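Breakdown of the fold
So the chains spell out like this:
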Amino acid sequence: IQPEEKKVISESVSSVCGISAADIEALLGDAEVAVEDSVSLYEFTSVINDHFENARKFALLEMLWRVAWADGSVDRYEDYYIRKIADLLHLSQKDFIRAKHNVMDA
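Structure report, in brief. Remember, predicted model here, so these are calculated numbers, not experimental data. (Residues numbered from 1 in each chain as written. Predicted model: local features only at pLDDT ≥ 70, side-chain atom pairs only at ≥ 80, totals over all residues. Heavy atoms only, no water.)

In this section: the pattern of salt bridges. In total, this model carries 4 salt bridges according to the counting rule given. A salt bridge links E11 to K7; the nearest nitrogen and oxygen atoms lie 3.5 Å apart. One end of the pair, E11, and the other, K7, are both in helix α1 (residues 3-17), 4 residues apart, so they sit about a helical turn from each other. Owing to a relative accessible area of 53%, K7 belongs among the exposed residues under this scheme. A salt bridge links D95 to R98; the shortest N-O distance between them is 2.9 Å. With D95 and R98 both in helix α6 (residues 93-104) and 3 residues apart, this pair spans about one turn of that helix. Taking the relative accessible area as the measure of exposure, D95 reaches 17% and is therefore buried. With a relative accessible area of 39%, R98 lands in the partly exposed category. (Salt bridge = Lys/Arg side-chain N within 4 Å of Asp/Glu carboxyl O. Helix = DSSP H or I, 4+ residues; strand = E, 2+ residues; numbered from the N terminus. Buried < 20%, exposed > 50% of the residue type's maximum accessible area, 1.4 Å probe, protein only.)

Interpretation in functional terms is not warranted from these geometric data alone.
Structure below.
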């Protein structure tokens with residue numbers, strides 16, 4: 001994760017959850033461990049599907065695009081993973097493209 005991306009992640013989590021910078025750092029550390037131990041994205045997206053309505057899922061998708069775009073470019077792996085997450089969140093191709101354009105055009 002690039003420093004610019006980490007900054008956007010922290011800002012996004014802070015704005016959505018209203019938690020302190022120290023708590024965000026701890027959360028990011030826990031998240032890195034969870035990702036290393038995981039075998040698929042499904043275990044994460046299923047929790048989101050159980051607790052988020054479509055509007056919140058779309059907002060999350062926009063946050064993912066902000067993180068990917070934080071360094072001024074989106075590589076093919078970032079695009080791939082965001083597309084995969086959008087699919088697992090049951091968001092449409094239209095939502096995927098709209099979220100991307102909302103961020104890129106801002």
